[in-house]
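# Structural description and commentary
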Amino acid sequence: MTSAAPTLSLPGDPPGGRRAAWIWGIGVAVYFVAIIFRTSLGVAGLDAADRFDVNASALSTFSILQLLVYAGMQIPVGLMVDRLGTKKVLTIGVVLFTLGQLGFALSPSYGMALASRALLGCGDAMTFISVLRLGARWFPARRGPLIGQVAALFGMAGNLVSTLFIARALHGFGWTATFAGSAVAGVVVLVLLLLFLKDHPEGHEPPPSEHAGSAYVRKQLAAAWREPGTRLGMWVHFTTQFPAMVFLLLWGMPFLVEAQGLSRGTAGELLTLVVLSNMAVGLVYGQVIARHHAARTPLALGTVAVTALLWAATILHPGDHAPMWLLITLCVVLGSCGPASMIGFDFARPANPPERQGTASGIVNMGGFVASMTTLFAVGVLLDATGDNYRIAFASVFVLEAFGVVQILRLHAGARHRERDHHVVSRVEAVHVPV
């Protein structure tokens, strides 16, 4: 049974409009550039191995360290956004990820390159939560699901830029020119950010709050974690995001080439298909959830079920290689994992007041990246232990999916009842507060 999303404008709801779209667009541009920088290593793996003279294990450390920094920064960044505001946090993020990309371009050694990627990951971690908060401050609450999905869509567009342009530039202009040249994009969005971005529309300032050091941090974290919607959102993000992330970030290309016998060109086309599917499905999921909030859990669990089914069919297919139609179907389905992970924020958003949105979003966003980092490591260990048996190594995906589904089912009822209570209170306030 589904229920239409409420169209009631709540007290203090931002008006949206063209100016909101312009301001929010600047934040999305920052996120777009951050994704280009984040995923640029994915197309430069072989070049990085040659440049720094490292083996596959050392090369994978780039991705694992970047995810480790990103995941570890989520809660601190959420607290920073709630305390300092979007503009200040985004400014810090742009400076860090631009310096990281420039440092990566100029790194003469593996150690310096590793430090540069960690710096980039730190700045990258400050972007998405800030963009979500910016959308919540400038657009009506009913637009939240679609705004979040569109932001994620532009992020995937950044992934496409890496795939289509960074790879070609590396072969045409070389390592230093490509990465240093791409860092200019960071300078451009920094100028736009400093000149035009505002945290909120006039007349919609957040209520003043006391920031009393560690006491404030503990209060924010405890209050956000007490909400079942925050915890449910974290487990939805945990369970849905990581299969595609692991596939795109590191293990998809080796699996398709070494285990499935495809050429690098064909494997690259399949990885691009994951990105394109993500962008298309994101728009559909955003529209559905904006109209029918009750569809959130079925969409999330349905995505997990179909992903697990296709993953199992692919790795357990009899014979040496899975047929191409099955690999294409797998990649299309993996494209739905990113949009499904965004549903986690749609559980946390109505469960928390505006002054706690950043903290709650940080908790949610940490879920998927912890799962991705865990699976990246588990697959690598199992490949080494089994002599590159991808069937056994990729079976680790099912363990995390099963664990996450149990947590979602456990928390779903409580979060639904709590959200219903919040909605009733909001309707009452909308009736009694003069506008």
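Attention in this report is confined to the structure presented alongside it. Treat the numbers as computed from the prediction; the structure is a model and nothing was measured.

Parameters at a glance
- Residues numbered from 1 in each chain as written.
- Predicted model: local features only at pLDDT ≥ 70, side-chain atom pairs only at ≥ 80, totals over all residues.
- Heavy atoms only, no water.
- Helix = DSSP H or I, 4+ residues; strand = E, 2+ residues; numbered from the N terminus.
- Buried < 20%, exposed > 50% of the residue type's maximum accessible area, 1.4 Å probe, protein only.
- Contact = heavy atoms within 4.5 Å.
- Phe/Tyr/Trp six-rings, centres within 6.5 Å; stacked < 30°, edge-to-face > 60°.
- Salt bridge = Lys/Arg side-chain N within 4 Å of Asp/Glu carboxyl O.
- Core = buried A, V, L, I, M, F, W, Y, C linked by side-chain atoms within 4.5 Å.
- Axes fitted to C-alpha atoms, helices over the stretch in contact; angles between N-to-C directions.
- Parallel < 35°, antiparallel > 145°, perpendicular 65-115°, else oblique.
- Left-handed = near helix turned anticlockwise from the far one by under 90°.
- Nonpolar A, V, L, I, M, F, W, Y, C, P; charged D, E, K, R; others polar.
- Patch = residues over 30% accessible without salt bridge, like charges linked within 9 Å, V, L, I, M, F, W, Y side chains within 5 Å.
- Areas by Shrake-Rupley, 256 points an atom, 1.4 Å probe, with all protein chains shown as cover.

## Remarks on the overall build of the protein
- When helices and strands are tallied, the protein shows 17 helices and 0 strands.
- Across the 435 residues that make up the protein, the buried fraction comes to 53%.
- Taking all contacts inside the protein whose residues are at least 6 apart in sequence as the whole, residues at least 24 apart take part in 84%.

## Points about the side chain of Thr127
- Looking at the element boundaries, Thr127 is found in the loop between α5 (110-124) and α6 (128-138).
- Each residue touching Thr127, except ones within four places of it in the same chain, is listed here: Val30, Tyr31, Ala34, Leu90 and Phe97.

## Description of the packing of aromatic side chains
- Evaluation of the coordinates by the stated rule reveals 23 aromatic pairs.
- On the basis of an interplanar angle of 90 degrees and a centroid distance of 5.7 Å, the ring pair of Phe52 and Trp175 is categorised as edge-to-face. Of the two residues, Phe52 sits in helix α2 (residues 45-52) while Trp175 sits in helix α8 (residues 175-196), which places them 123 residues apart along the sequence.
- Given a relative accessible area of 8%, Phe52 falls into the buried group.
- Look at Phe255 and Phe394: their rings are 5.0 Å apart centre to centre, the planes differ by 45 degrees, and that puts the pair in the tilted class. Here the residue Phe255 occupies a position in helix α10 (residues 228-259), and Phe394 occupies one in helix α16 (residues 390-394), the gap between them amounting to 139 residues. Across the pair, exposure class does not vary: Phe255 and Phe394 are buried alike.
- Joined through ring pairs, the aromatic side chains of Phe52, Phe62, Phe104, Tyr110, Trp175 and Phe179 make up one cluster.

## What about the pattern of salt bridges?
- Taken as a whole and assessed by the stated rule, the structure comprises 4 salt bridges.
- Residues Arg356 and Glu227 are paired through a salt bridge, measuring 3.8 Å at the closest nitrogen-oxygen approach. Of the two residues, Arg356 is situated in the loop between α14 (337-348) and α15 (357-386) and Glu227 in the loop between α9 (213-226) and α10; the sequence distance between them amounts to 129 residues.
- Judged by its relative accessible area of 6%, Glu227 falls in the buried class.

## Notes on the environment of Val69
- Following the sequence through the fold, Val69 ends up in helix α3 (residues 56-84).
- For the pair formed by Val69 and Phe369, sequence separation is 300 residues and the distance between their alpha carbons is 9.8 Å.
- In contact with Val69, other than residues within four places in its own chain, are Ala118, Gly121 and Cys122.

## Re the nonpolar core
- In terms of nonpolar packing, the biggest core is built from 102 residues, with Phe247 and Leu256 touching the most fellow members.
- In terms of residue count, the dominant contributor to this core is α10 (14 residues).
- For Leu256, the contacting residues outside a window of four places in its chain are Phe247, Gly261, Leu262, Ala267, Leu270, Leu271 and Leu327.
- Ala44, Phe52, Val54 and Ala113 belong to the second largest nonpolar core, which has 15 residues in total.

## Looking at the environment of Leu160
- Note that Leu160 resides in helix α7 (residues 144-173).
- Since its relative accessible area comes to 13%, Leu160 is described here as buried.
- With 125 residues separating them along the chain, Leu160 and Ile35 place their C-alpha atoms 9.5 Å apart.
- Once residues lying within four places of it in the same chain are set aside, the contact partners of Leu160 are Thr272, Val275, Leu276 and Met279.

## Quick notes on the packing of α14 against α15
- Their axes nearest at 10 Å, the elements α14 and α15 cross at an angle of 150 degrees. Compared by their axis directions, α14 and α15 come out roughly antiparallel. By crossing handedness, the relation of α14 to α15 is classed as right-handed. Contacts between α14 and α15 pair Gly344, Phe345 and Ala348 from the former with Ala360, Ser361, Val364 and Asn365 from the latter.
- Here the residues of the contact of α14 with α15 are counted per class, giving 4 nonpolar, 3 polar and no charged.

## Let's talk about the environment of Arg133
- Examined against the element boundaries, Arg133 turns out to sit in helix α6.
- It is 8.4 Å that separates the C-alpha atoms of Arg133 and Pro354, two residues lying 221 residues apart in sequence.
- Non-local contacts of Arg133, meaning those with residues more than four positions away in its chain, are made with Val81, Asp82, Gly85 and Thr86.

## What to know about unusual backbone geometry
- Residues other than glycine seldom take positive phi values, yet Asp53 does so here, at roughly 55 degrees.
- Mapped onto the secondary structure, Asp53 falls in the loop between α2 and α3.
- What makes Asp53 exposed here is its relative accessible area of 70%.
- The phi torsion at Asp388 lies on the positive side, around 65 degrees, for a residue other than glycine.
- Looking at where Asp388 falls in the secondary structure, it is placed in the loop between α15 and α16.

## What to know about the packing of helix α4 (residues 86-106) against α8
- Contact pair α4 / α8: the axes reach a minimum separation of 8 Å and the direction vectors enclose 165 degrees. As judged from the angle between their axes, α4 and α8 are roughly antiparallel. Judged by the twist between their axes, the crossing of α4 over α8 is left-handed. Contact residues: α4 offers Lys87, Leu90, Thr91, Val94, Val95, Phe97, Thr98, Gln101, Leu102, Phe104, Ala105 and Leu106, while α8 offers Trp175, Thr176, Phe179, Ala180, Ser182, Ala183, Gly186, Val187, Val189, Leu190, Leu193 and Leu194.
- Of the residues contributing to the contact of α4 with α8, the split by class is 17 nonpolar, 6 polar and 1 charged.

## Some remarks on a nonpolar patch on the surface
- Taken together, Trp22, Val184, Val187, Val188, Val191, Leu192, Leu195 and Phe196 make up a surface patch of nonpolar side chains, about 720 Å² in accessible area.
- Considering every element that reaches the nonpolar patch, the biggest residue donor is α8, with 7 residues.
- Here Phe196 lies in helix α8.

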